Each structure stands twice: as C-alpha cells, then as structure tokens.
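Here is what each chain is made of, one letter per residue.
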Amino acid sequence: MSTSPETTATPAPAEETGGHGDLNVGVKAAGGSGEATASATRITPGNALRPEDIALAVSSGSAKPTEDVAEIALRLGDDALILAQRLGHWISRAPELEEDIALGNIALDQLGHARSFLSYAGGLDGRSEDDLAYFRREHEFRSASIFEQPNGDFAVTIARQFVVSYYQFELYSQLTQSTDATLAGIAAKAVKEVDYHRDHSAQWVLRLAGGTDESREKMIHGFKVIWPYVDELFRDDELTARLSASGAAVEPSSLRAEFDRLTGEVFAEAELEVPKVQPAPGGGRRGLHSEHLGYILAEMQVLAREYPGASW
Amino acid sequence: MAAQTLQSVPGEPTSARHEQSLEDVARRDAEGQAYFDKVMAEDSRIEPRDWMPPAYRKTLLRQISQHAHSEIIGMQPEANWISRAPSLKRKAILMAKVQDEAGHGLYLYSAAETLGQPRDQMMQDLMDGKAKYSSIFNYPARTWADMGAIGWMVDGAAIANQVPLCRASFGPYGRAMVRVCKEESFHQRQGFEILLELSHGTPEQKQMAQDAVNRWYAPALMMFGPPDDDSPNSKQSMAWNIKRFSNDELRNRFVGMMMEQVKVLDLTLPDKDIRFNEETKKWEHGPLDWDEFHEVLAGRGPCNAQRLERRREAHHNGAWVREAAAAYAAKQAKKQAEKETAA
C-alpha cells in the first residue's frame, strides 16, 4: 500500500517546495554570507535568474560590481559568448538530429551565461550586454584561447566541450559561494546546466574512444589539438589573487586538482592518455588572442555595427 | 477495441502471413476496412497498429515525412543568421527557434516511423532528391528582416495549415501537431515582433522589413499548395479526415489574417488585389505565379541545390560518428550480456 497514489501524493507538494528551495540555496547562501540580497537574484516564475533581471538590477542600482568583479565577469562572459558563437555553427550541421538539438542547447546555455555575466560586468560603467558583445574590439575581449579554437570535426568539438565543461563546473561550483551575490546567483544557475554539458561530452568521449578505430583515432587527435589550451584556464594572476582574498572568486589554480581527477576518471574508462603536448602561452585574459577571434567577431558584429544605435 | 481488427504490424515477417489462408486474409481485410470506415464516419482516430488501407498509409507516410523534411531543411535559412543576429537576446531566441525545428523534425519522423518506414530511409530519400519538402525553404534569407518575415508569414502560414491537422485522423500525426503548433505560434509572434521593432526603427530598418515582406509574401501564400482545381490529392485526403479545409480556403483565411496584422506593423502587402468579397464572405488575393512554384518544386529554385548539399554534407561528415555510436552501443550490450551470463 505504501506505493499507492494516495500515500505518495501527500508529500508531493512539500517535495515541490523543497525543489524550488533547492535553487534558492545557492542564491541565499550568497546573501547569507553578508551581502544584501540583490533583486538580481529574484527567482522568476520559470525559476531562472534571467539576464534581464540582472540588467534591471544593475540599472536600478540594486546590484553594482566592483571594478575587479566586473573584470572577472567580463572574462567569464566572454568565454561563454565565444563558445556559444562557435557551437551555434553546428545547428543544422550535426551528425544526428539529436545532436543538432544537444549542441544547440549547450550553445543556448552558454549564451545565457554570457548574457548574465556581461549584463553584470556592464554595470560598472553603464554598458549593456550588447554594447560589450558588439562594440568592443578584439584586444578588449578577455576570453581564454580554448574558447575561440575552431570546431574542427565532431571529435575536436567534443574535446573542447569536455575540457570546458569540467573546468566551468569546478569554477561555477566555487562561485556559488562568492561574497558577491550576483556572481553567486549566476553561478548557481549555470552550474546545473554545465553539469549536463559534462555528462554530454563525457558520454561522447567514451563512445568515440570506444567506438570504431576511426573514431578512436579522431578522439585522440581532438584532444591533441585542444590540450595546449588547457593550462591557461588554470593560471592565476593579480586579479584572481585579489578576488580570492576578498572571497568574491577563487584562484583558477585551485580548481586544477579536481579537474585532473574527474577528467582522469573519464580518460581511464576510455583508455585514453592525457596528451603530451606543449602548452600554448595564452594571453586572452590580457587581450592577446589567436588569429581566430578576429573572424569570429567580424561575423558576430557585422550587422550591429552596420546600424550603430539601432534597436532590434 | 481496434486490436481485433489488427492486420500485420509493419515490419512483421511475411512468412507469418503466408501461413494464413487467403480466406483469412480477405476476412481480416474486410473487417479492417469496416473498422476503418467506421472510424472515418465517427471522425475518430486510427492508431499505428490498426488496419488501414495501403493508400491511406502511403499518403500519410508521404505527407508526414515531407513535413519532417521541411522542418529539417527549414532550419537552414534561419541558422544562416544565428552567428550574425544583431543582439544577444535575438541570437538566443533564434537559436531556440531553430532548435525547436529540429525537435519538430524528430517528432514527425517518429510519427512517420509508426507507419513502417525507418528514419534513415526517409533521410536517404530526402538526400537522393526522391522526397519533397516545402518549396518555401528554397528561397534565400538575405537580410535580418527575413527572420521576421519567415516567422510572421512562413510560420504563420504553417500554423494556418497545421492547426486543422491537430484533428487529423491518424493519431500520432494529430498529437505531434498539437505540440508543433504551440511552438509555431511562439515562432510567429517572435517574427512579428522582429518586424514590429524594425518598422518602428530607423528608415533603413523599416525599408529592410518592407523588402522582406515583399519577397516572402507570394512564396508564403503558395505554401498552401496549388489552387483547388489543380490539387489532385486534396479530395481523398479530405475524405480520410487528414485534411479539413481546401488549399484555397486556408490561403484566403491566411490573407485575411495578414491584412489585419500588417496594419499594426505599419507595413504593406505587395498585392493590390487583396479584398474582402462581401458576397462570398471570403478574402481574395491577386494572381500568384504558379509556374515559379512548379519550377522551385521541381528543383530549380534559388537554393534547392545549396539546401540539399548542406544536408548531404552534414550527413556525410557525421557518418563516422554514427558508426562509432552504434559500435560502442553494440560493445556495451555485449559486455552487459556477458556479465549477466556470468552472474
């Protein structure tokens, strides 16, 4: 009888409240750690923190980043934006319809994170997400090199996504504890989505590495192409040192051990080795990009720049 | 209730049927036909395992797979603008919309599969040029305003066509249409909103919107198919409760809807002959170039070659991925079976 609908139905509403409360935990934890609860963390009917909420909070003055927080938000926003731009290219070109949907979904998640981070970053000097995305030049972007790497074949895209989602998962998990309530709120929403991205890419790593000889060779090649850009993600600098000291963010190097451990588990199951390649110098955090970014921006910005000041 | 009138399930080995006597088969067909006729008379639903006339199956398979192909090819003109969307919000909306279309393709292929043809075969027919898709997607999306015009007019025409299909006699198709129509109406509203924003923007933006409406108007009207006196399959489809209204009826109704909405947009439709006929109580429009329609349908439109090549390219480039996934799944299944035997 314990499985009858009557008995199981009773706790359902409480369960549901608990479910909603679950999302609140990440947000409230930030508020509880000393910051006033900014309206930017308002839970909308869809239970999601939307970029529009952040833009509103920023323009009404209820959420304002410090200079350092704005800079880290810019970095993370640019990472996600450039990746979304890359992934979006797969829509209508993927190996299966299901992957058109999956990669499109990941691109959409990343774009959502980008919009939130950029809306917040712009709060420093009153620029909008679109001002930042469409009217900055190459050297003003703060994304790391891995995000602008070309899609290559499906294995290269999966290798890039695998690295990025394991990195972002560790990063956002930590940022849910940020002393900056808005950063914590954005991270709390993003981390759940990125968790799915990990699952998606890890499954593909296993399938491609354990599929056919051809797919295994391509997966190994994919990691070889992407791995030079891994180190840059975990490099500390003066900004991250200051943010770490204030509790607003963490030193990227502190995420490396867990990243190595968890990606290592997947590598072990896939019987792959971590590629032995020389790390690239990077420099994206200081505006020093590869040759790829210029083309990405040329395409992304062309229409907005053709009609400056227009509303869409 | 329909179980008693079951014919063979599609894909069932024919040897099973050979064992039945010809009399049995004839009796079952007669029972099946009687049940089918009753369902049609009651305007109720046929489900995949029910007996159905071979021509009904064939018609539905053609229509549903063409519909699925249209969704998949229809992703391309809009995907073309994802990378250049002029704001991040518009980029997000457009990505979500194109993703919806992939989803529609999936439901529809699944609905068609219940009629006995695997998705791979339908895809192959599309790539071989044996299967058709809506000719509208063979026109180029030249400017950002085309994202508005496609949403408002092309998705609008699709909704006018598809809302009655929610009542189609074949269950899986009707049910798929309910979900598709919900998402399509969101698509139409977002297209309308793009045009509204443009028409209230700078003079250049307004011109861009008008130009897009001018280019998509006639192709959108032709989406309803040839005029009633030149639509040989319509009558049978209506008798089978698949189609509920004639091509011209739906087209005229759509023209009336657009005439109201275009006023709000502060744009015009490129057709001086649109009028409401007080006698027939129907909207009328000017002549359409049906020669162009047949040319595009025959494969000689502006983007036919490009659209099909893009599909073939994606399919070809993804072959090794699909093979890998299948090989991996087979290995995993084998491992699992070995585990179970050992245990």
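As a starting point, this report considers the structure included with it. Fair warning: this is a prediction, and the values are worked out from it, not measured in the lab. (Residues numbered from 1 in each chain as written. Chains lettered and ligands numbered in written order. Predicted model: local features only at pLDDT ≥ 70, side-chain atom pairs only at ≥ 80, totals over all residues. Heavy atoms only, no water.)

With respect to the overall build of chain B
So the rule is basically this: Where helices and strands are cited, they refer to DSSP runs of H or I of at least four residues and of E of at least two residues respectively, numbered from the N terminus. Classification of residues uses two cut-offs on accessible area relative to the type maximum, computed with a 1.4 Å probe and protein chains only: under 20% is buried, over 50% is exposed, and between them is partly exposed. Note on areas: these come from Shrake-Rupley sampling with a 1.4 Å probe, and a residue is covered only by the protein chains present in the view.
A count of helical and extended segments in chain B gives 13 helices and 2 strands. Considering only C-alpha atoms, chain B reaches an extent of 75 × 55 × 35 Å along its principal axes. By the burial criterion, 52% of the 343 residues in chain B qualify as buried. Approximately 16100 Å² of chain B is accessible, and the part contributed by carbon and sulfur atoms is 53%.

Observations concerning unusual backbone geometry
Despite not being glycine, Glu271(A) shows a phi value in the positive range, around 55 degrees. Position of Glu271(A) among the secondary structure elements: in the loop between helix H13 (256-270) and helix H14 (292-306).

Some words on the pattern of salt bridges
Residue and element names in this part refer to chain B. Filter applied, for reference: Salt bridges are defined by distance alone: a side-chain nitrogen of Lys or Arg within 4 Å of a carboxyl oxygen of Asp or Glu.
Counting across every chain of the model gives 37 salt bridges over all chains. A salt bridge links Glu31 to Arg27; the nearest nitrogen and oxygen atoms lie 3.3 Å apart. Here Glu31 pairs with Arg27, and both are found in helix H2 (residues 22-42), just 4 residues apart, close to one helical turn. The closest approach of N and O atoms between Glu42 and Lys38, which form a salt bridge, is 3.8 Å. Of this pair, Glu42 and Lys38 both sit in helix H2, separated by 4 residues, roughly a single helical turn. The partly exposed category is assigned to Glu42, whose relative accessible area is 49%. Relative accessible area serves as the criterion here: at 47%, Lys38 is assigned to the partly exposed category. Members of the salt-bridge network, linked through shared partners, are Glu78, Lys97, Glu101 and Asp155.

A few points about the interface of chain B and chain A
Applied cut-off: The contact criterion used throughout is that any non-hydrogen atoms of two residues lie within 4.5 Å. When two parts are brought into contact, each loses some accessible area as probed by a 1.4 Å sphere; the total of that loss over both is the buried area. Any pair of N or O atoms that falls within 3.5 Å is considered a polar contact. Within protein, one atom must be able to donate a hydrogen and the other to accept it, and sequence-neighbouring residues count only if both atoms are side-chain atoms.
Tallying the contact residues gives 46 residues for chain B and 48 residues for chain A. Across the chain B to chain A interface the summed buried area is about 4000 Å²; carbon plus sulfur atoms make up 66%. It is Leu88(B), Gln99(B) and Trp320(B) that lose the most area in chain B upon contact with chain A, and together they represent 20% of the buried surface on that side. Taken together, the connections running from chain B to chain A amount to 2 salt bridges. A salt bridge links Arg119(B) to Glu96(A), with the shortest nitrogen-to-oxygen separation between them at 3.5 Å. Inspection of the chain B/chain A interface yields 16 residue pairs in polar contact (both at pLDDT 80 or more). If you list the elements that add at least two residues to the side of chain B that touches chain A, you get helix H3 (54-79), helix H4 (88-113), helix H5 (119-127), helix H7 (171-199), helix H8 (203-222), helix H12 (304-317) and helix H13 (319-342) of chain B. The element that contributes the greatest number of residues to the side of chain B that touches chain A is H4(B), accounting for 14 residues.

As for helix H10 (residues 247-265) of chain B
All names here are of chain B. This is how the line gets drawn: For a helix, the expected span equals 1.5 Å multiplied by the residue count minus one.
In this model H10 runs 26 Å from its N-terminal to its C-terminal C-alpha over 19 residues, within 8% of the 27 Å that 1.5 Å per residue would give. When we look at burial in H10, the residues that qualify are Asn247, Leu250, Arg251, Asn252, Phe254, Val255, Gly256, Met258, Val262 and Leu265. On its buried side, H10 packs onto helix H6 (145-162), H7, H8, helix H9 (234-239), strand S2 (282-284) and helix H11 (290-300). Positive phi shows up at Asp266, right after H10, with a value of about 60 degrees.

Things to note about the environment of Glu193(A)
Residues and elements named next belong to chain A. Within the secondary structure, Glu193 is located in helix H9 (residues 181-209). Take Glu193: its relative accessible area is 18%, and that puts it in the buried class. Along the backbone, Glu193 and Ile106 are 87 residues apart, and their C-alpha atoms lie at a distance of 8.2 Å. Among the polar contacts listed, one links the side chain of Glu193 to the side chain of His113, at a separation of 2.6 Å.

Points about H13(B)
With 24 residues, H13(B) should cover 34 Å at 1.5 Å per step; its first-to-last C-alpha distance of 35 Å lies within 8% of that length. Looking at H13(B), one finds that the buried residues are Trp320(B), Val321(B), Arg322(B), Ala324(B) and Tyr328(B). Those residues of H13(B) that are buried are in contact with helix H8 (154-175), H9 and helix H10 (213-226) of chain A together with H12 of chain B.

Notes on the packing of aromatic side chains
Residue and element names in this part refer to chain A. We apply this condition: Each Phe, Tyr or Trp ring (for Trp, its six-membered ring) is paired with any other whose centre lies within 6.5 Å, and the angle between the two planes then decides the class: stacked below 30 degrees, edge-to-face above 60, tilted in between. Only Lys NZ and Arg CZ are tested; either one counts as a charge over a ring when it is within 6 Å of the ring centre and within 35 degrees of the ring normal.
Tallied over the entire structure, the rule returns 22 aromatic pairs over all chains. With 6.1 Å between their ring centres and 70 degrees between their planes, Phe223 and Trp227 make a pair best called edge-to-face. Like Trp227, Phe223 is buried. Site record: aromatic cluster; members linked through ring pairs are Phe162, Tyr166, Tyr167, Phe223, Trp227, Phe234, Phe259 and Phe267. The cationic tip of Arg207 hangs over the ring face of Trp204; the distance from NZ or CZ to the ring centre is 4.5 Å.

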